[in-house]
Amino acid sequence: DDDIFSSAFCENSEKLINVHLFALAAKYYSLPNLGVCTPLEDVLEALKGDSEGATAIKPDEFMNNKKSHEVQVMSELVDSIANYCGIKQVIDIGSGKGYLSSFLSMQYNLKVYGIDSSSSNTNGAHERNKKLKKHWRAYQSRGRENLKSQSLEKANERPVESEINCETVYEGLLNNASSLQNQDQVIIQDLVLSCNSTEMATPETNTETKADLVTGTQSHETKLSEEVLDVLNVLPADAVEDFSSSHNCGELCEEEKVQRKMTSLKTKARKSSESNLYFPLTSCITAETELSDIITDLEDCMMVGLHTCGDLAANTLRIFAAKPEIKAVCSVGCCYHLLSEQFENQEECHNQVWGFPMCQYLKDKGWCCGRNARMSACLALERVAAGQMLPTESLFYRAVLQVIIEEMYGVTKSDRHVGKTFSKSSSFIDYVRRSLKKLELDDSKLPDSCIMDYHEKYKHRMNELEAFNMLKVVLAPCIEVLILLDRLCYLKEQENIAWSGLVKLFDPVKSPRCYAIIALKNQS
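All of these numbers come straight from a predicted model, not from anything done at the bench. (Residues numbered from 1 in each chain as written. Predicted model: local features only at pLDDT ≥ 70, side-chain atom pairs only at ≥ 80, totals over all residues. Heavy atoms only, no water.)

Its 18 residues place the ends of helix α18 (residues 392-409) 25 Å apart at the C-alpha level, agreeing with the 26 Å of an ideal helix rising 1.5 Å per residue. For α18, every residue scored as buried is listed here: T392, S394, F396, Y397, V400, L401, I404, I405 and Y409. Considering only its buried residues, α18 is in contact with α19 (428-438), α20 (448-458) and α21 (462-492). G410, located one to two residues past α18, shows a positive phi value of around 70 degrees. (Helix = DSSP H or I, 4+ residues; strand = E, 2+ residues; numbered from the N terminus. Expected span 1.5 Å × (residues − 1). Buried < 20%, exposed > 50% of the residue type's maximum accessible area, 1.4 Å probe, protein only. Contact = heavy atoms within 4.5 Å.)

In structure tokens:
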């Protein structure tokens, strides 16, 4: 009830007076509790139809665990959407180093254009893709062996499923903070408890099941072998030759020798432009971007974005809605603090396209989050619940620095940023001096003793700062909900869209920005 939750704040001072109600309200308005998300399994099932997906190959040898998790999950979904819509062309907006683009082209044989505003990212993606191709077949071969061993292991044991229980964070607040008057006693160890996990029972597996799994493994091997050859059909000739010369051909069966030779001949006969299904491009994407000016052979396609930054996520949805050739979109946004807001400043900018709000409902209300709220939306509640503590000391350093530059230099606003100075600093004094240089402020007028006086003056408030930041973490999902639902409502307002929804793609501990906006247009 909104009336009950509003009593968490003092009516006159608007200060927080009831942390118990604050935590309940934050939980109530978080995305998992609202019931507006569509389960990923349901989406994949609806898209699958009668077709069978490709055998999953984990990309963990070519990227870190976080990126591997994101690429594997998202690429499977993108391939399912592409198959459902009958399209083979994918445009990866904000493609960065090309992790997703490369995997989509090689694993799923999709023609991918990766567009990034940074030429260094584009060039790096091109070089990385060339190296990846040379090792791809050997990697798939190892994947075939792993598939066999994994299937046999599953015959003996079902996988254990665990789930981080973020309710411990909310309960920590409810049990340990009845009033902000006791802030000095509210410490993070009391707020974040150990996370619960649930395990599934492990039933006995009989001999027949093992036999079935072995048979299934053999069919998977055959299918995977065919997929390997499909991949080789699009690789450049030098990749095939490099691989062939580095292996003992005597160990290959005659059929595979013939197939490999045919593949090499096919590849050599093709033009270089036809032997690559991934094309990294450099361009800055805005809401007015004409994709046909960037991609000369633009056809029916879908747009994807894996952690598109700030306004780029909003512009991706706008381009999707405006261009008839784009049949679907799958976008995971990030960096909410970089969003432009229409109602944040009083200045009139009639021609500007804003990142927030997008939907007419919030525009009519003149809704504004503000930078502090958007910064909070970037925090990761699930990671804190899993035991990954907030960087309290660096936050304390930054807070005291703010006081110093305001009181000693009279500066309240700057276009310059301190950045990741804390990790490079040996002490608080070193941190302050490095930061002042970045801000182009004269640090010679500030003796070491003065800097340490500020540190000593505020260090007793460290626990208070910690409690305050924990409250921000608990509130973070509510602010993210507002931004995501604004984007979803924008799509719901468009007439040419058959279906749109919010889908939780990733494990939020591995990848905190885990929600995707997905939409499909009406079939013509």
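As a further point, take the packing of aromatic side chains. Under the counting rule described, the total for this entry stands at 9 aromatic pairs. Between the aromatic rings of Y113 and F279, the centroid separation amounts to 5.0 Å while the plane-to-plane angle is 20 degrees, which identifies the pairing as stacked. Remark: F279 occurs in strand β3 (residues 278-282) and Y113 occurs in strand β2 (residues 111-116); sequence separation between them is 166 residues. Seen from their ring centres, Y397 and F428 are 4.9 Å apart, and the 70 degrees between their planes marks the pair as edge-to-face. (Phe/Tyr/Trp six-rings, centres within 6.5 Å; stacked < 30°, edge-to-face > 60°.)

On to the confidence of the model for the chain, then. For the chain, mean pLDDT is 78; residues scoring 70 or higher make up 66% of the total. Predicted confidence for residues 176-251 stays below pLDDT 50, and this span has 130 contacts to residues more than four positions away or in other chains. Overall, residues 265-275 carries pLDDT values under 50, and its contacts beyond four positions in sequence, including any with other chains, amount to 16 contacts. (pLDDT = per-residue confidence, 0-100.)

It is the contact of helix α4 (residues 40-48) with helix α5 (residues 65-85), at a shortest axis distance of 9 Å, that shows an interaxial angle of 30 degrees. α5 is crossed by α4, and the crossing has left-handed handedness. Residues L40, V43, L44, A46 and L47 of α4 lie in contact with α5, whose contacting residues are V73, E76, L77, S80, I81 and Y84. (Axes fitted to C-alpha atoms, helices over the stretch in contact; angles between N-to-C directions. Left-handed = near helix turned anticlockwise from the far one by under 90°.)

Here we come to α21. Counted at 1.5 Å a residue, the expected span for α21 with its 31 residues is 45 Å, and the 45 Å between its end C-alpha atoms agrees. The largest bend in α21 is about 40 degrees, located at L475, with the proline P477 one to four residues further on. (Bend = angle between axes of the 7 residues up to and from the residue.)

Here we take up the sheet that holds strand β5 (residues 326-334). What the 7 strands build is an open sheet, ordered β3-β2-β1-β4-β5-β7-β6; its pairing is mixed. Two strands close off the open sheet at either side, each with one partner strand: β3 and β6 (497-504). Strand-to-strand twist in this sheet, taken as the mean axis angle between neighbours without regard to direction, amounts to 15 degrees. Contacts from helix α6 (residues 99-108) reach β1 (89-93), β2, β3 and β4 (301-309), with the element oriented near 170 degrees to β2. Sheet strands touched by α21: β5, β6 and β7 (515-521). Its angle to β6, the strand with the most contacts, is close to 165 degrees. (Pairing = 2+ DSSP bridges.)

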